[in-house]
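Spelled out, the chains give:
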Amino acid sequence: MKKLFITLTALALVALAACGNGEDQDSNGDSAEVEEKGTLTFGVTPWTSTVPPTKVAKLVLEDMGYEIEETQADVSSTFMGLSRGDIDIFMDSWMPVHEIYFDEYEDSVENVATSYDNADAGLVVPTYVDDIETVEDLKGNEEMFGNEIYGIEDGASATEMIDDFIEAYDLDFEQVNSSEGGMIAQAQRMMNNEEPVIFYGWRPHTMFNEFDLKIVEEPAGDFFEQSSVHVVTNGELANDHPEVYEFLSNWSIPIDDVEAMIVEIEDGADEEEVAQEWIENNQDHIDEMLEN
Amino acid sequence: MNYFELPLEQWTNTFVDDWFLPTFGNAFDSIGAVLNAFVDLVTDVLLFVPPELFTLLLVILSWRVGGKGLAIFTFLGMLFIGSVDIWEESMHTLSIVIVSTFVSLLVGIPVGILSAMNNRVQSVVRPTLDFMQTLPSFVYLIPAVLLFGLGGVSAVIATFIFAAPPAVRMTNLGIRHVPKEVIEASRAFGSTSKQLLFKVQLPLAVPSIMAGVNQTIMLSLSMAVIASMIGAPGLGATVLQAISRVNIGLGLVGGLGIVVLAIILDRITQGIGQGQNNKS
């Protein structure tokens, strides 16, 4: 009896609140339905490789009835957000370079799936640099490159790895650090003049599409191993939204598809349209991930 | 509002890639080489002077322009920088600040004088300065690398764009605020325009110009972290390294280093400005 009373009161209040504006009531009703499923926040880093998988996952989750928000941040802030719960999902975590963040936040973030595990990374040179094929060829040829290797930010794991690499192979190189944009701009500047240049490259990235580059092979494989890209979530996601967690733990996407999407986006295509197209072409794969 | 399509993005890209860089690339290379030599020279001098001597000179300077309190602060600040082991980084930052400030003043003060003498010049200069100060620095950071390469020179250029405006504005303001009576009196005594500028207007404008110098230095320091994204060495690089590793302690060390440099430079330039003020 008491329950009925409360329900009636609540209904009356809702009716009162909506009084005089039927349309408003409608939209309230709609958003309440979505509200039940909740809002999920994606962390989006400024790398070109983050956008395609994020958009694909976003469209799928929106289809499931979730409200999706995107938070733009650099990688360390993204992991901080993941650990605090401000960000629920991050689609573009690179191993082993992001291991430091997992060590830092091991209790509060979870590595739920591998997107793809054959992402090449290493030192790259333009193809017009004929004499350099493997890292052994670098020895004695440092001067050709002005004794400089261009890397990304100081403090990034790739930066430390390159420093270790220079030391291990006893090369007369100094690493110049800036940022992804700074490094690419510098390389572009030198490639415009057809000067020899060596810098840090990784796939998937449009640099391989824009310039003729080759990766300097390292047969020993001590330094530039292939990276794998992972989906990372806040530790609570498995409890809060099991179906999302289930979907993400089945997640995978071929690296070639990601690169193709990056190229389309950089050529000016709409990000969500590109993602939608991929979903339509890969409906089987999506269904598999959703276990339908 | 999309009445017609403005392909600004494409125009800019075509303009930069197909015309600007091929045409002016070499010219900018030589400007870059000059600036690079300048940055290297200042850095070498700063790193060559033993920290103890440098501190002593700076303490004496602070004492003369700012008094005992400032001298003590300068000493403690330099002691801090040495003790947390960021001396070398600080000197790199300082040398970029010195060169950027120098270039800013070299361009800024003459432009300020011109725009104080001529309203038409001012009507062009003012919006240009607004543009320079409000355009987000990331917009010109990467183009600077395309023109000048990674490192100190691009950092100086980016810092110049951000930090030069106060030098122009304060010079302009200082000259315009010289009392009419003073100018009339000088004219009455038969001074030429040149004499009027160099013997009356500029000396009276010095406190205002020094306030501009002070602002320029402060803005240069605030660009330190951003400049490190295009390869400028120094305290900014320490901070950038710290934040990408989530190393809060190292971030504070680098950050406080910038603050210490800023306070010392601020008080010294203020002291010089006030000293001039008292004399006049």
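Please read all numbers here as calculations on a predicted model, not as lab measurements. (Residues numbered from 1 in each chain as written. Chains lettered and ligands numbered in written order. Predicted model: local features only at pLDDT ≥ 70, side-chain atom pairs only at ≥ 80, totals over all residues. Heavy atoms only, no water.)

S.K.: Quick one: what's the story with the UniProt feature "transmembrane region" (unreviewed entry) in chain B, residue by residue and with numbers?
M.R.: Residue and element names in this part refer to chain B. The residues that UniProt annotates with the feature "transmembrane region" (unreviewed entry) are residues 45–63, 69–87, 94–117, 137–163, 217–240 and 246–265. The annotated region residues 45–63 carries 89% helix and 0% strand content, and the separation between its end C-alpha atoms amounts to 23 Å. The straight-line gap between the two end C-alpha atoms of residues 137–163 is 11 Å; of that span, 89% is helix and 0% is strand. (UniProt positions renumbered as here; feature names shortened; annotations may be inferred. Helix = DSSP H or I, 4+ residues; strand = E, 2+ residues; numbered from the N terminus.)

S.K.: Lay out the nonpolar core with the relevant residues and their values.
M.R.: All names here are of chain A. Ranked by size, the top nonpolar core spans 139 residues in total, and within it I89, L138, F199 and W251 carry the most contacts. Per-domain counts for this core show at least three residues from each of domain 1 (37–118 + 227–290) and domain 2 (121–215). Sequence-distant contacts of I89, defined by excluding residues within four places in its chain, comprise L40, T41, F42, G43, L61, L82, V231, V232, T233, L237, V244 and L248. Listed in part, the twelve residues of the second largest apolar core include L82, I87, F102 and V109. (Core = buried A, V, L, I, M, F, W, Y, C linked by side-chain atoms within 4.5 Å. Buried < 20%, exposed > 50% of the residue type's maximum accessible area, 1.4 Å probe, protein only. Domains from an automatic or database assignment. Contact = heavy atoms within 4.5 Å.)

S.K.: Any chance you could break down the packing of aromatic side chains for me, citing the residues and the numbers?
M.R.: Residue and element names in this part refer to chain B. In the structure shown here, the tally under the stated rule is 18 aromatic pairs over all chains. When the ring of F15 is compared with that of W19, the centres are 5.5 Å apart and the planes differ by 35°; the resulting orientation is tilted. Taken together, the residues span about one helical turn, with F15 and W19 both in helix 1 (residues 8–48) at a distance of four residues. Exposure remark for W19: the relative accessible area of 43% places this residue in the partly exposed category. With centroids separated by 5.4 Å and ring planes inclined at 50°, the aromatic side chains of F20 and F24 adopt a geometry described as tilted. Of this pair, F20 and F24 both sit in helix 1, separated by four residues, roughly a single helical turn. When its relative accessible area of 32% is taken as the criterion, F24 is described as partly exposed. (Phe/Tyr/Trp six-rings, centres within 6.5 Å; stacked < 30°, edge-to-face > 60°.)

S.K.: I'd like a description of the pattern of salt bridges, backed by residues and values.
M.R.: Pairs can form between side chains of opposite charge once their charged atoms are near each other. Residue and element names in this part refer to chain A. Inspection of the entire model under this criterion finds 15 salt bridges over all chains. The salt bridge involving E133 is made with K214; its shortest N-O contact spans 3.2 Å. You can see E133 sitting in the loop between strand 5 (121–126) and strand 6 (148–151) and its partner K214 sitting in strand 9 (residues 213–215), a full 81 residues away along the chain. Overall, E133 belongs to the partly exposed group, its relative accessible area being 41%. Here K214 falls in the buried class, since its relative accessible area comes to 16%. (Salt bridge = Lys/Arg side-chain N within 4 Å of Asp/Glu carboxyl O.)

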